[in-house]
Amino acid sequence: MQPGRLSDLSETLARATSIVDDLGTVRGAVAVEDRPSFLVTQPGNDPQPIIERLASAERLTFLVGAGASMEAGLPSWGRLVRAVLESLAPASLDESDRAAWLDAAAEPGLLGMAATARALAGSDEEFVKRVEHHLYNGRGPEHFDPGPLAREIAAWRRDYPAIQIATFNYDELLEHALQDAGVSAEAREDNDPERESVAAVRHLHGRLTGNPASDAVILTERDYATWPQGSWQDAFMRDALEG
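Rules used in this analysis
- Residues numbered from 1 in each chain as written.
- Predicted model: local features only at pLDDT ≥ 70, side-chain atom pairs only at ≥ 80, totals over all residues.
- Heavy atoms only, no water.
- Core = buried A, V, L, I, M, F, W, Y, C linked by side-chain atoms within 4.5 Å.
- Buried < 20%, exposed > 50% of the residue type's maximum accessible area, 1.4 Å probe, protein only.
- Helix = DSSP H or I, 4+ residues; strand = E, 2+ residues; numbered from the N terminus.
- Lys, Arg positive; Asp, Glu negative; His and termini not counted.
- Salt bridge = Lys/Arg side-chain N within 4 Å of Asp/Glu carboxyl O.
- Contact = heavy atoms within 4.5 Å.
- Pairing = 2+ DSSP bridges.
- Axes fitted to C-alpha atoms, helices over the stretch in contact; angles between N-to-C directions.
- Parallel < 35°, antiparallel > 145°, perpendicular 65-115°, else oblique.
- Left-handed = near helix turned anticlockwise from the far one by under 90°.
- Phe/Tyr/Trp six-rings, centres within 6.5 Å; stacked < 30°, edge-to-face > 60°.
- Lys NZ or Arg CZ within 6 Å of the ring centre and 35° of its normal.
- Arc of directions from axis to C-beta.

*Asks:* Sorry if this is basic, but what is going on with the nonpolar core here?
*Replies:* The tendency in soluble globular proteins is for nonpolar side chains to be buried side by side. Formed by 24 residues in total, the largest nonpolar core has its most connected members in Val84, Phe127, Val131, Leu135, Tyr170, Leu208 and Leu219. Secondary structure elements with two or more residues in this core: helix 4 (77-87), helix 5 (95-106), helix 6 (110-121) and helix 7 (124-135). Formed by 14 residues, the second largest nonpolar core is a distinct cluster that contains Val64, Ile153, Ala154 and Ile163.

Set out below in structure tokens:
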């Protein structure tokens, strides 16, 4: 390895170590103006057009995925689907047959696995109940705190109230992070205007409130196939993409 490359690698590793140490000790979010930038300028990878577009946008939308939940200790989408399916595997199977059954059930992919789990659950209510159980590892949402990413998003929303927030996650960690940052927040499953001084977190794929009888989540192949055209989610995303 060239000396210059080795020096760059050492510097990068030192920065990464410092960041990991900070994540374990710093609870609050860093002021926006003091946050480091990790955009790397390389040939063909110039961030300036992105920066200029963001700076001129009338509205910014943060679309949050599973990473914000995983850093708080919740499972990825794949782990969640597999855990739900494993809990519904036939009890009569021994260990080797159970493993073979799970491998066969996994062949259609995650959407197919989720569809199999829903069918085995016997009802939508039982399926949602199991999804919530495995999402929180049987402990309940009160045992999980927002991680650094959720807190950074909350800090951005506090400093720039025009920012919109939407998520594919079923939990309410973003709402808790906003409240910890001093921002009134509410979970929403509609595209109605935000209430004054209240940050709305739009749950595009549903949320789990602890009431399986009324909760609904988008998780299986059928859910995506029957997604109605002109839904509030479609309207929200269309508006967000138009900026």
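Picking up after the structure, the text goes on.
*Asks:* How should the side chain of glutamate 132 be read in this particular structure?
*Replies:* Residue placement: glutamate 132 occurs in helix 7. Buried charged residue glutamate 132 carries no salt bridge. Nearest counter-charge: lysine 129, at 9.6 Å. With near-sequence residues (within four places) excluded, glutamate 132 lies in contact with Leu208, Thr209, Gly210, Asn211 and Asp215.

*Asks:* Help me understand the pattern of salt bridges in this model?
*Replies:* Close approach of charged atoms allows side chains of opposite charge to pair. According to the stated counting rule, one finds 14 salt bridges in the structure shown. Here glutamate 186 makes a salt bridge to arginine 188, at a shortest N to O gap of 2.9 Å. One salt bridge in this structure joins aspartate 190 and arginine 202, with 3.3 Å as the shortest N-O distance. With aspartate 190 in the loop between strand 3 (185-188) and strand 4 (199-203) and arginine 202 in strand 4, the pair connects residues that are twelve residues apart, well separated along the chain. One network of salt bridges, with partners in common, ties together Glu186, Arg188, Asp190, Arg195 and Arg202.

*Asks:* Would you explain the sheet that holds strand 1 (residues 61-64) in this entry?
*Replies:* Each strand in a sheet pairs with its neighbour through backbone hydrogen bonds, running either in the same direction (parallel) or in the opposite one (antiparallel). Ordered in space as 1-2-4-3, the four strands form an open sheet in which the pairing is parallel. Two strands lie at the open edges of the sheet, namely strand 1 and strand 3, each paired on one side alone. Between one strand and the next, the sheet's axes are offset by a mean angle of 25°, whatever the strand orientation.

*Asks:* What should I look at first to understand the packing of helix 4 against helix 5 in this one?
*Replies:* In a packed pair of helices, the relevant descriptors are the angle between the two axes and the axis-to-axis distance. At a closest axis distance of 11 Å, the pairing of helix 4 and helix 5 adopts a crossing angle of 130°. With respect to each other, helix 4 and helix 5 are oriented oblique. Like other packed secondary-structure pairs, helix 4 and helix 5 cross with a definite hand, here right-handed. Together, Arg82, Leu85 and Glu86 of helix 4 and Arg98, Trp101, Leu102, Asp103, Ala105 and Ala106 of helix 5 make up the contact between the two elements.

*Asks:* Got a minute to help me understand the packing of aromatic side chains in this structure?
*Replies:* Aromatic ring pairs are defined here through the distance separating the ring centres and the angle between the ring planes. With the rule as written, the count across this model stands at three aromatic pairs. Judged by centre distance (5.9 Å) and plane angle (45°), the rings of tyrosine 136 and phenylalanine 144 are tilted. Phenylalanine 144 carries the same exposure label as tyrosine 136, and that label is buried. An aromatic cluster is defined as three or more aromatic residues linked by ring pairs; in this entry it consists of Phe62, Trp156 and Tyr160. The side chain of arginine 139 reaches across the aromatic face of phenylalanine 144, ending 5.2 Å from its centre.

*Asks:* Any chance you could explain helix 4 here in plain terms?
*Replies:* Two residues of an α-helix separated by three or four positions point the same way, owing to the 3.6 residues in each turn. Of all the positions in helix 4, only Leu80, Val81, Val84 and Leu85 are classed as buried. End-on view of helix 4: buried residues confined to an arc of 130°, all on one side of the axis. Here the buried face of helix 4 lies against helix 5, helix 6 and helix 7.

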